[in-house]
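Here are the chains, one letter per residue:
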Amino acid sequence: MTTAVILISGRGSNMRALVESKPGIDFTGVVSNRPDAAGLAWAAQQGLATRALDHKAFASRESFDAALAAQIDSFRPDYIFLAGFMRILTEGFIRRFPRRLVNIHPSLLPCFTGLHTHRRAIEAGVKLHGATVHFVTPELDHGPILAQAAVPVLADDTEDSLAARVLAQEHRLYPQAARWIAEGRVRFISDDVVRVEGSGVEGDWILSPRDSP
Ligand code: GRF
C-alpha cells in the first residue's frame, strides 16, 4: 500500500480529513514543527506515530530541514502530505523529495500565494475563491496543480466566513487528491503540469453549492 507521512503545525483538521477518509494510503507518521499542535494529540489518540520537532530549537532553516528530512526518512514514506504546515521549506529539502511532497493551499493558485489568502481575496473583490492541492516545488505555492475546489465569495463575507467555506472544501478536496495518488492516476505531463487520469471535468475540480458552510 502507498505510505505517507503528514506534516502539521496546528489544529490539523486537514490531517484528520485525510486520515478519516481512508484514501488507500497508510499514514505511518505525523510530524509537527510545533510541540503544542492540537493535531498531534489527535493523531496520537488514533495510534499514529507522532514526532514533534520544534523549529525554535534550531539555529537555521537548513538545520531544521535536515532534522525534518531525517524524521521523514525514518518512516520511509512514499509521499509527504503537508496539512497546514506553516514553515517555508528550503530548496535543498524540497529537492530531496521530488514529486513526493503534496500541499494544500487555501486559494485558487496561482492567485494569492502566501499568507492571509481569504482577506486578500475579499480585498481584491474576486467572485470565486477556493483551495488547491499541488505538488511542492522550490517556488513557494507554485508547484503542479493536482486538484482545485472553488467557492463563491459572497457580498457579506468576512475573512472568517470565507475561510470556513473554503475549509469545508479543503476537507473534501485533499482526501480526493490523496485517493487519486493512491490509485496511481496522477501523471506528470511535465515538471509543471499533472493530469489525473480517468477523471472527467467533474473529477479534478469541485464547485461548492452557494449555500455550503
Ligand atoms: C488550512 O486552511 C490550510 O489550507 C492552510 O492552513 C489551514 C490549516 O488548517 N495551509 P488545519 O491545520 O488543517 O486545520
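Please read these numbers as outputs of a predicted model, since none were measured by experiment.

Draft legend 1. Here's a closer look at helix H6 (residues 159-182). Its 24 residues give H6 an end-to-end C-alpha distance of 34 Å, which sits within 8% of 34 Å, the value for a rise of 1.5 Å per residue. Immediately downstream of H6, the backbone of glycine 184 shows phi near 70 degrees, a positive value.

Draft legend 2. Structural view of the nonpolar core. Core analysis: the biggest nonpolar cluster contains 38 residues, and Ile6, Met15, Phe81 and Leu146 have the highest contact counts within it. A per-element tally of this core places H6 first, with eight residues. Looking at which domains feed residues into this core, each of domain 1 (1-97) and domain 2 (104-213) gives three or more. When neighbours within four sequence positions are excluded, methionine 15 is seen to be in contact with Ile6, Ile8, Val30, Gly39, Trp42, Ala43 and Ala83. In terms of nonpolar packing, the next biggest core, distinct from the first, is built from 19 residues, Phe64, Ala67, Ile72 and Phe97 among them.

Draft legend 3. The side chain of aspartate 157, seen in detail. Positionally, aspartate 157 belongs in the loop between strand E7 (145-152) and H6. For aspartate 157, the residues in contact, after removing those within four places along its chain, are Ile122, Pro152, Leu162 and Arg165.

Draft legend 4. Spotlight on the side chain of threonine 2. Note on placement: threonine 2 falls in strand E1 (residues 2-8). Non-local contacts of threonine 2, meaning those with residues more than four positions away in its chain, are made with Gly24, Ile25, Asp26, Asp78, Tyr79 and Ala182.

Draft legend 5. Looking closely at the domain arrangement of the chain. For the chain, the domain assignment lists domain 1 (1-97) and domain 2 (104-213). Put simply, the middle of domain 1 and the middle of domain 2, counted by C-alpha atoms, are 21 Å apart. Facing the 20 residues of domain 1 at the interface are 16 residues of domain 2. Buried surface at the junction of domain 1 and domain 2, summed over both partners, amounts to about 1,500 Å²; 70% is from carbon and sulfur atoms. Interface area lost by domain 1 to domain 2 is led by Asn14, Pro23 and Ile94, which between them contribute 30%. Scanning the region where domain 1 abuts domain 2 turns up zero salt bridges.

Draft legend 6. Summary view of the site of the ligand. With respect to spatial proximity, the complete set of residues near the ligand consists of Arg11, Gly12, Ser13, Asn14, Gly84, Ile104, Pro106, Leu167 and Glu170. Here an oxygen atom of the ligand sits 2.6 Å away from a polar atom, N or O, in the side chain of glutamate 170. About the coverage of the ligand: the protein hides 86% of its 370 Å² of free accessible area. Here the shell around the ligand gathers at least three residues from each of two domains, domain 1 (1-97) and domain 2 (104-213).

Reading the values: the criteria
- Residues numbered from 1 in each chain as written.
- Predicted model: local features only at pLDDT ≥ 70, side-chain atom pairs only at ≥ 80, totals over all residues.
- Heavy atoms only, no water.
- Helix = DSSP H or I, 4+ residues; strand = E, 2+ residues; numbered from the N terminus.
- Expected span 1.5 Å × (residues − 1).
- Core = buried A, V, L, I, M, F, W, Y, C linked by side-chain atoms within 4.5 Å.
- Buried < 20%, exposed > 50% of the residue type's maximum accessible area, 1.4 Å probe, protein only.
- Domains from an automatic or database assignment.
- Contact = heavy atoms within 4.5 Å.
- Buried area = accessible area lost by both parts, 1.4 Å probe.
- Salt bridge = Lys/Arg side-chain N within 4 Å of Asp/Glu carboxyl O.
- Near = heavy atom within 4 Å.
- Polar contact = N/O pair within 3.5 Å; in protein donor to acceptor, adjacent residues only side chain to side chain.
- Areas by Shrake-Rupley, 256 points an atom, 1.4 Å probe, with all protein chains shown as cover.

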